[in-house]
Amino acid sequence: MANPSLFEIRSIDYVPLAERHGKVWHLSPIWFTGDVNLATLAIGATGIALHINLLWTAIAIVTGCAVGSFFMAFHSTQGPQLGLPQMIQSRPQFGYVGALLVWGVALVTYVGYNALNHVLIGQTVHQVIGVESHTVLVPFCLLAIALALVGYDWIHLAQRWLAYFLIAALLAFTVGAFVTFRFPAEEFSLTHFALAPFLAQFFAAAAYQLSWSVYVSDYSRYLPPNVGVRASFWWTFIGVMLGGVWTMLVGAIAAALHPEAGITEAVQAAGDAILPGLGVIVLVGAGLGLVTITGLNFYGASLTLLSIADSFKPLRSTLSKRIATLAALGVGTLVIALHSSGDSVKAFDGLLAVLLYLFTPWTAINLVDFYVVRKGHYSVREIFNPQGMYGRWNWRGLTAYGVGFTSMIPFFSTSIYTGPVAALLNGADVSMFVGLPVSAGYYLWVCRSLDIAEERRLAIEADRGLESDHPPTSVGQLKPIDHGTGFSWRELQDEK
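Residues numbered from 1 in each chain as written. Predicted model: local features only at pLDDT ≥ 70, side-chain atom pairs only at ≥ 80, totals over all residues. Heavy atoms only, no water.

Participant: Could you give an account of the packing of helix α11 (residues 229-257) against helix α12 (residues 263-274), naming the residues involved and the relevant values?
Facilitator: One can describe the packing of α11 onto α12 by two numbers: an axis separation of 8 Å at closest approach and a directional angle of 85°. Considering their axes alone, α11 and α12 lie roughly perpendicular with respect to each other. In this structure, α11 contributes Gly251, Ala254, Ala255 and Leu257 to the contact, and α12 contributes Ile263, Ala266, Val267 and Ala270. When grouped by side-chain class, the residues that make up the contact of α11 with α12 number 7 nonpolar, 1 polar and no charged. (Axes fitted to C-alpha atoms, helices over the stretch in contact; angles between N-to-C directions. Helix = DSSP H or I, 4+ residues; strand = E, 2+ residues; numbered from the N terminus. Parallel < 35°, antiparallel > 145°, perpendicular 65-115°, else oblique. Contact = heavy atoms within 4.5 Å. Nonpolar A, V, L, I, M, F, W, Y, C, P; charged D, E, K, R; others polar.)

Participant: An account of the packing of aromatic side chains is needed here, citing residue identities and associated values.
Facilitator: Taken as a whole, this structure holds 36 aromatic pairs when the rule is applied. Here Phe74 and Phe233 contribute two aromatic rings whose centre-to-centre distance is 4.4 Å and whose plane-to-plane angle is 40°, an arrangement assigned as tilted. Taken together, the positions of Phe74 in helix α4 (residues 54-76) and Phe233 in helix α11 put the pair 159 residues apart, joining distant regions of the chain. Plain terms: the ring middles of Phe202 and Phe433 are 5.8 Å apart, the flat faces sit at 40° to each other, and that makes the pair tilted. Placement of the pair is Phe202 in helix α10 (residues 195-210) and Phe433 in helix α19 (residues 431-446), with a sequence separation of 231 residues. Relative accessible area serves as the criterion here: at 6%, Phe202 is assigned to the buried category. Its relative accessible area of 44% is what places Phe433 among the partly exposed residues. Each residue in the set Phe70, Phe71, Phe74, Phe233, Trp234, Phe237, Phe370, Tyr371 and Tyr378 is aromatic and connected to the rest through ring pairs, giving one cluster. (Phe/Tyr/Trp six-rings, centres within 6.5 Å; stacked < 30°, edge-to-face > 60°. Buried < 20%, exposed > 50% of the residue type's maximum accessible area, 1.4 Å probe, protein only.)

Participant: Summarise the nonpolar core; cite the residues concerned and give the values.
Facilitator: Counting 141 residues, the largest nonpolar core has Trp31 and Tyr219 as its most contacted members. Element by element, the count of residues in this core is highest for helix α13 (residues 278-312), at 14 residues. Setting aside anything within four residues of it in sequence, one finds Tyr219 in contact with Leu27, Ile30, Trp31, Tyr152, Ile155, His156, Leu296, Tyr299 and Gly300. (Core = buried A, V, L, I, M, F, W, Y, C linked by side-chain atoms within 4.5 Å.)

Structure (structure tokens):
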């Protein structure tokens, strides 16, 4: 392990080059394992619950995961290039204070996911060993917070080791399913197609994968920038795509075999039909995956909460501040979980729909800014400067977000509201395909007035000597990476 300290010290601050470490392939197991959990199994059962057959459910899962994972993996590449957590990177697009818009949405996402995770683990433990659901919530929460507290290196290590067990469990279920189960022919018929439920499964999978975008580069920001964009993209995409598709398909198969059962009961029954006890093994693995992904959520939520606090009063990253935010988030999550109804999966589907609507404009704006407008050239110092070059309120990003979100409203399809276009499509939701190009196109249009060359010059000047501002958290703990003397890596890239 690169850091011998038990607790990670850094939070929303810049990771200096001397502390960059790790291998780019480590991105695959962290996101593979992150996707193998009880919540992912539940997402895979969406299409079956809406009465489309197994074949069309599988097609919707694969294509939906591909779309969501594609955008998520591009966000992952930002971490090594900037050395910053994901959410703090929104300041150049939305402003020092304006970024609170997306941070608020991200915080709701973290707490919502974790509350659901607590409910799911309670239901699963009750089913497997008969313990009352609420009795396991506090220990589960404390385990997840402990993982978030020790931080980046330990999270990566836990995800890598757990991946071996999860691959073995999924492989046993998959091979056994092919050998054991015989489905009716109509489950694989291409003629049994219904647009609205197909899109519901598609967008559930896409939104679930896209939701990792709010913190994906939190777990790549310690990598050295020379790992490259292409490698960090593909290692992230492979891991999250494989984990998401595989786990959702297991959930779909179990739901197709036992359509009247809950997802945990269905998975246990399907696994035990293959080999007695296999269902419990799969659920244990998915439960362990739920512990680690809840820890990741707490970690990202802590960084987001610190980013919000930093917008009102600039703060210095300390371990005590991380502990305080994690404690507050743990209490809030437990309160929600203890007061949640048993029909948590249905509520989760509604949360996913809302998150898809809220994150679609942000992901378009953030990626277009990074890859097209500014091409990865930012000033780290100015991102943390309340009166800096990115402004307190960036009208370009905020109006692009508003325009993109508004353009999606006629295409919304939820239990609360169905837009006129969605009604014409019999409830089919295609809002994501509208929001992405509209948000990206409008943002590009309003950024024509930016003097990118001058901004790049100012960014280089502002970050001159940046590394000396951020000494390693422990003297000599890491071997320094030689990237030159006194200049940021961006300037070195410009000179090449």
